[in-house]
Amino acid sequence: MDNSNNKLFQFLNNHLMGPMGKLAQFRIVRGVMAAGMATIPFTVVGSMFLIISVLPQSFPFLKGFFAASFDKIAPLYMLANTATMGVLSLYFCLVFGYEYTKIQAQEEHIDVNPLNGALISMMAFFMCVPELAFKGGMVTLINVFNDKSKIIDGWEMGGGVTRLGATGIFTAIIMSILAVKIYALCVKKQWTIKMPDTVPTGVSRSFTALIPTALIALTVMVINGALIALNTDIYKVVAVPFSFVTNLTNTWAGLLVIYFLMHALWIVGIHGATIVTSFLTPIVLSNMVTNQHGGNIPFAGEFNNCFVTIGGSGATLGLVIFIAFFAKSAQLGALGKVCLVPAFFNINEPILFGMPVVYNPYTAIPFFLAPMSSMSVAYFSIKYHLVNPPKFQVAWPTPGGLSGFVGSGGDWRAFVLALVCVLVAFAIWYPFIKFYDNKLFVQEQQSESAAA
């Protein structure tokens, strides 16, 4: 058994840890990770106000109270949602542009200003937002106004500017990459306006970005013009490959692969949740918005922490409760009591490194299988409309059950589903942790006998 597990760890080290570790160091990936982390406060706050507006749908007895109170000021407090979730791609664009420029400055050793990088990224992105058409030999801004669509001078409206929402995240990232690369190239080739040393630094940096800004604007114009001539635009082009990736992640088989990769990285000591979920943040946010408009996509919002990895990576909440109160070995019993409170808030690094789970052949199999099992239960429960899908963002440390209830818009069945997922995951863990606990207990008894 030990030999076969050693071969497994060696295989994961050689074929997964190395490539994924290198992938996590890519500049673009690090920029996306930073943007995803920076947008968390906005998605949570925006979802909070949206939850308030839909509470009467989940609790009909509140309709009368809301009609006399909150409904009268809904346009006022829903501005908090419009200014957060409604322009989410804008936040992604600014943070990614800033971080990506900072990385270029540090690693390429060039004098590019991260703030300038963020601003020119935003400019490039905004140039792609309006919808244009090529008609009668002229480029015109699209105007459509009917019950299904409201596009005014190219800007599609619907509770704000539609294209600035989650659907624009991928376009924002791509245009930011283009803008920052052109900016860095201009500075590297010294295609900039140089000011005398006596000029203040802020003014000098502004003029340094002048030629790159003009070049970026011209480049985006050429790209947009070519796409408009082909009766499309950057949004529609970007949607093709990313729709394929999104559809893949929204299948049961695709999610099995995702959770295998996430936990395979953990088992060899890499924070798999951070690496894998950083790639998926734009997808789950976009899916969440789709669910808010009537969609039924399981993999949305905080699906992971609401239903899959309750207690932390490996779905370890049931495991921690068991060892805290029922473990025979003193080692696991003490560890469980220390880790009990953090586990309720989805923090389990003490278990992963204290048990340990990392590089432990006795816990490797359930560490993979438990989250895959809880994911399967949650996926099919939502897929077949037994539970409302995640519609609102909740903070990832929100305790299991409560996070599902809030994230689903107040569906009590989501609370029950979370508890079922905990039990299913623990059923996978039980025989393995029982065996490991007995092994440690025997070792402790032998040590005591030897000491006596």
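Residues numbered from 1 in each chain as written. Predicted model: local features only at pLDDT ≥ 70, side-chain atom pairs only at ≥ 80, totals over all residues. Heavy atoms only, no water.

**Q** Kindly report on empty space enclosed by the protein, identifying the contributing residues and their values.
**A** Counted by the stated rule, this structure contains one cavity of 30 Å³ or more. Of the volumes computed, that of the largest cavity is approximately 70 Å³. Taken together, Met127, Cys128, Pro130, Glu131, Leu132, Asn224, Ile228, Thr232, Asp233 and Ile234 form the lining of the largest cavity. For the lining of the largest cavity, the class distribution of residues is six nonpolar, two polar and two charged. (1 Å grid on protein atoms, 1.4 Å probe; cavity = no way out; pocket = protein on both sides within 12 Å on 5 of 7 lines; lining within 4 Å. Points joined across faces, edges and corners; volume = space filled by probe spheres on them. Nonpolar A, V, L, I, M, F, W, Y, C, P; charged D, E, K, R; others polar.)

**Q** Can you lay out the packing of aromatic side chains for me, pointing to particular residues and giving the numbers?
**A** Counted according to the given criterion, the structure contains 20 aromatic pairs. Taken together, a centroid distance of 6.4 Å and an interplanar angle of 45° make the contact between Phe126 and Trp155 tilted. In this pair, Phe126 sits in helix H8 (residues 114–126) while Trp155 sits in strand S5 (residues 155–156), placing the two residues 29 residues apart along the sequence. Residue Phe126 is classed as partly exposed on the basis of its relative accessible area of 29%. For Trp155, a relative accessible area of 27% translates into the label partly exposed. When the centroid spacing of 6.2 Å and the interplanar angle of 15° are considered together, the rings of Phe380 and Tyr384 count as stacked. In textbook terms, an aromatic cluster arises when at least three aromatic residues are bridged by ring pairs, as seen for Phe65, Phe66, Phe70 and Tyr77. Across the ring face of Phe145, the terminal group of Lys150 is positioned such that the distance to the ring centre comes to 5.8 Å. Looking at Arg163, its charged tip hangs above the ring of Tyr235, at a distance of 4.2 Å from the centre. (Phe/Tyr/Trp six-rings, centres within 6.5 Å; stacked < 30°, edge-to-face > 60°. Helix = DSSP H or I, 4+ residues; strand = E, 2+ residues; numbered from the N terminus. Buried < 20%, exposed > 50% of the residue type's maximum accessible area, 1.4 Å probe, protein only. Lys NZ or Arg CZ within 6 Å of the ring centre and 35° of its normal.)

**Q** Now, about the side chain of Ser313: what can you tell me, with residues and values included?
**A** Turning to its location among the elements, Ser313 is positioned in the loop between helix H15 (303–308) and helix H16 (317–326). Owing to a relative accessible area of 8%, Ser313 belongs among the buried residues under this scheme. A distance of 2.9 Å separates polar atoms of two side chains, one belonging to Ser313 and the other to Trp266. The contact partners of Ser313, leaving out residues within four places of it in the chain, are His263, Trp266, Ala273, Asn348, Leu352 and Phe367. (Polar contact = N/O pair within 3.5 Å; in protein donor to acceptor, adjacent residues only side chain to side chain. Contact = heavy atoms within 4.5 Å.)

**Q** Hey, could you go over the domain arrangement of the protein chain for me, with residue numbers and the actual values?
**A** Each assigned domain of the protein chain is listed with its residue range as follows: domain 1 (28–141 + 158–238) and domain 2 (248–451). Counting residues at the interface gives 18 residues for domain 1 and 19 residues for domain 2. Summing the contributions of domain 1 and of domain 2, the shared interface buries around 1600 Å²; its carbon and sulfur component is 80%. Linking domain 1 with domain 2 are zero salt bridges. (Domains from an automatic or database assignment. Buried area = accessible area lost by both parts, 1.4 Å probe. Salt bridge = Lys/Arg side-chain N within 4 Å of Asp/Glu carboxyl O.)

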